[in-house]
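A look at the structure
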Amino acid sequence: MRIDVLTLFPRMFDGPMKESIIGKAIEKKLLEFNAINFREFSTHRHQNVDDYPYGGGAGMLLMAQPIFGAVEAIEAEVPETKKRVILLDPAGVPFTQSVAEELAEEEHLIFICGHYEGYDERIRELVTDEISLGDYVLTGGELGAMVIVDATVRLLPDVLGNQSSAMTDSHSTGLLEHPQYTRPAEFRGMEVPHVLTNGNHKLIREWQEKESLRRTYQRRPDMLEEVELSKEQKNWLKEIQAEEDDSEE
């Protein structure tokens, strides 16, 4: 996969894109990452990238020309590659795990990170996707781009040592992940559930699925409205609800 991020602050990406999983993906040539300062594509004599909005209003807007110039330069460099151009914008669709999974199927992503008050509306003509991290406003799109890149890159084939772990993450299955434990089996009076140490893989799987349901029911019951449960899971959920009701009495 190739990822290009258009930003006024490319050095913000130096640390996050060189460490941990993303850094290893770049080393293994599974990912090509470029942080591009779109100021370099401004045709203004002072390389301005922003201007006052027509009609008045607070703040400055990013001009269309530098963004168009940067995207067109990338397209000229790799003309045959299918691209998704993503605008980081509070008005975009909420970023979710399913969006990350969709983006991970692509071969080339271009992110546009805004600053100032907003964008010249004509920039949206370049865009295939508008994405928001949530109902709040950041200083710029850089941190949002980092989050989306991280969530997407870890899903690429061979990026994680054990790819199956990504498929069982919270939200990948539609549920929150079950509790997990490692050695020692007893720590300060707190013991690992016996079912996890008895070697019965069928019982372990059932415990994990049921506890995944329990955690989702306790912490994010809204997620249960969106996921299609099996008959077995529905029975477990009834048991969990009864157990939770008993514990509250």
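Values in this document were obtained by computation on a predicted structure and should not be read as measured data.

With the rule as written, the count across this model stands at one aromatic pair. Between Phe-13 and Phe-33, the ring centres sit 5.9 Å apart and the planes meet at 40°, which makes this aromatic pair tilted. Here Phe-13, found in the loop between strand E1 (2-7) and helix H1 (20-27), pairs with Phe-33, found in strand E2 (residues 32-37); they are 20 residues apart in sequence, far enough to count as distant. Grouping residues by exposure puts Phe-13 and Phe-33 together as buried.

Strand pairing in a sheet is mediated by backbone hydrogen bonds. Such pairs are either parallel or antiparallel. Read across the open sheet, the three strands follow the order E3-E4-E7; overall the sheet is mixed. Single-partner strands in this sheet number two, and they are strand E3 (50-51) and strand E7 (118-119). Pairing of E3 with strand E4 (residues 61-62), which is carried by two bridges, proceeds in the antiparallel orientation. Counterpart to Asp-51 in the pairing with E4 is Leu-61.

It is worth spelling out the sheet that holds strand E8 (residues 129-132) at this point. On the basis of which strands lie adjacent, the open sheet formed by five strands has the order E2-E1-E6-E5-E8 and parallel pairing. The two strands at the open ends of the sheet, each matched to only one other strand, are E2 and E8. Averaged over all pairs of adjacent strands, the angle between their axes in this sheet comes to 30°, without regard to strand direction. Across five bridges, the pairing between E1 and strand E6 (residues 108-112) is parallel. Across the sheet, residue Arg-2 finds its bridge partner in E6, namely His-108.

What follows is about unusual backbone geometry. In this model, Arg-183 is joined to Pro-184 through a cis peptide bond whose omega is 5°. With respect to the element layout, Pro-184 can be found in the loop between helix H5 (163-167) and strand E9 (186-187). At Gln-47, a residue that is not glycine, the phi angle is positive and equals roughly 55°. Along the chain, Gln-47 turns up in the loop between E2 and E3. Given a relative accessible area of 34%, Gln-47 falls into the partly exposed group.

Once that is clear, we can look at H1. Those residues of H1 that fall on the buried side of the exposure criterion are Ile-22, Gly-23 and Ala-25. Buried residues in H1, looked at end-on, bunch into an arc of 160°, giving them a common side. Across from the buried face of H1, at angles greater than 90 degrees, the exposed residues are Ser-20, Lys-24 and Glu-27. Those residues of H1 hidden inside the fold are in contact with helix H4 (142-153). Downstream of H1 by a residue or two, Lys-29 has a phi angle that is positive, lying close to 65°.

It is worth spelling out the pattern of salt bridges at this point. Applying the stated rule across the entire model yields 18 salt bridges. Arg-124 serves as the salt-bridge partner of Glu-121, at 3.1 Å between the closest nitrogen and oxygen. Put simply, Arg-205 and Glu-209 hold a salt bridge, and the shortest N to O gap is 2.6 Å. Here Arg-205 and its partner Glu-209 are both found in helix H6 (residues 201-219), four residues apart, which amounts to about one turn of the helix. Where salt bridges share partners, they join Lys-210, Glu-211, Arg-214, Glu-239, Glu-243 and Glu-244 into one cluster.

Our next topic: the nonpolar core. Counting 29 residues, the largest nonpolar core has Ile-3, Val-5, Phe-13, Leu-31, Phe-111 and Val-153 as its most contacted members. Of all the secondary-structure elements, those providing two or more residues to this core are E1, H1, strand E5 (84-94), helix H3 (97-103), E6 and H4. Ranked by residue count, the leading element in this core is H4, at six residues. Apart from residues lying up to four places away in sequence, Val-153 is in contact with Ile-3, Ile-22, Ala-25, Leu-31 and Val-159. The next biggest cluster of nonpolar side chains, apart from the first, holds 20 residues, and it includes Leu-6, Val-71, Ile-74 and Val-78.

Here the focus is the domain arrangement of the protein chain. The domains assigned to the protein chain are domain 1 (2-163) and domain 2 (186-246). Once you take the C-alpha centre of each, domain 1 and domain 2 turn out to be 39 Å apart.

So, about the side chain of Glu-244. Residue placement: Glu-244 occurs in helix H7 (residues 231-248). Residue class for Glu-244 comes out buried when judged on its relative accessible area of 16%. Only 3.0 Å separates the side chain of Glu-244 from the side chain of Gln-218, close enough to count as a polar contact. Excluding residues that lie within four positions of it along the chain, Glu-244 makes contacts with Arg-214, Tyr-217 and Gln-218.

How each quantity is defined
- Residues numbered from 1 in each chain as written.
- Predicted model: local features only at pLDDT ≥ 70, side-chain atom pairs only at ≥ 80, totals over all residues.
- Heavy atoms only, no water.
- Phe/Tyr/Trp six-rings, centres within 6.5 Å; stacked < 30°, edge-to-face > 60°.
- Helix = DSSP H or I, 4+ residues; strand = E, 2+ residues; numbered from the N terminus.
- Buried < 20%, exposed > 50% of the residue type's maximum accessible area, 1.4 Å probe, protein only.
- Pairing = 2+ DSSP bridges.
- Axes fitted to C-alpha atoms, helices over the stretch in contact; angles between N-to-C directions.
- Arc of directions from axis to C-beta.
- Contact = heavy atoms within 4.5 Å.
- Salt bridge = Lys/Arg side-chain N within 4 Å of Asp/Glu carboxyl O.
- Core = buried A, V, L, I, M, F, W, Y, C linked by side-chain atoms within 4.5 Å.
- Domains from an automatic or database assignment.
- Polar contact = N/O pair within 3.5 Å; in protein donor to acceptor, adjacent residues only side chain to side chain.

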